[in-house]
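Coordinate inspection notes
One-letter residues, chain by chain:
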Amino acid sequence: QNAAHSREELQQERQRRAALQQEAEREAATTEVQLATAQQRLATREAAAKKEATGLEAMLIDAQSRLEALEQELHSQKGALAESRRALAATEGALIAEQDSAPRP
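Residues numbered from 1 in each chain as written. Predicted model: local features only at pLDDT ≥ 70, side-chain atom pairs only at ≥ 80, totals over all residues. Heavy atoms only, no water.

**Overview of the overall build of the chain**
Along the chain, the regular secondary structure elements total 1 helix and 0 strands. The C-alpha atoms of the chain give a radius of gyration of 45 Å, which is well past the 13 Å a tight globule of 105 residues would have. Principal-axis analysis of the C-alpha atoms places the extent of the chain at approximately 155 × 15 × 15 Å. Out of the 105 residues in the chain, the part that is buried amounts to 0%. Just so you have it, the chain exposes about 9,800 Å², and 56% of that area is on carbon and sulfur atoms. A gap of 7 Å separates the mean positions of the 14 positive and 18 negative side-chain charges of the chain. (Helix = DSSP H or I, 4+ residues; strand = E, 2+ residues; numbered from the N terminus. Rg over C-alpha atoms; globule rule 2.2 N^0.38 Å. Buried < 20%, exposed > 50% of the residue type's maximum accessible area, 1.4 Å probe, protein only. Areas by Shrake-Rupley, 256 points an atom, 1.4 Å probe, with all protein chains shown as cover. Lys, Arg positive; Asp, Glu negative; His and termini not counted. Charge placed at Lys NZ, Arg CZ, Asp CG, Glu CD.)

Below, the structure written as structure tokens:
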């Protein structure tokens, strides 16, 4: 009777361990699926971030090019303004000289 009871306890222990093993395997499978899903989300976000970074980089390069063009235009305009001022000063000087040399009544 004692041996039969021990065998029954052993069988119950084996069943309990088998159930625990199955539960652990189910949890591991669930964890693997969750991990794969998280990795896929991260990969998607990484791809989106890289795409956005590429777009931002292109915008930055374009902005730098426009800035350089505007700086060149500003430099050119400053040169033209300086030339106009010189011409105006020369004209004013010529007018003053002409007035000074003109006979007075």
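**Observations concerning the pattern of salt bridges**
In total, this model carries 6 salt bridges according to the counting rule given. Here Glu46 and Lys50 are joined by a salt bridge, their closest N and O atoms 3.4 Å apart. Linking Glu46 with Lys50, this pair stays in helix H1 (residues 2–101), spanning 4 residues, or about one helical turn. Given a relative accessible area of 45%, Glu46 falls into the partly exposed group. (Salt bridge = Lys/Arg side-chain N within 4 Å of Asp/Glu carboxyl O.)

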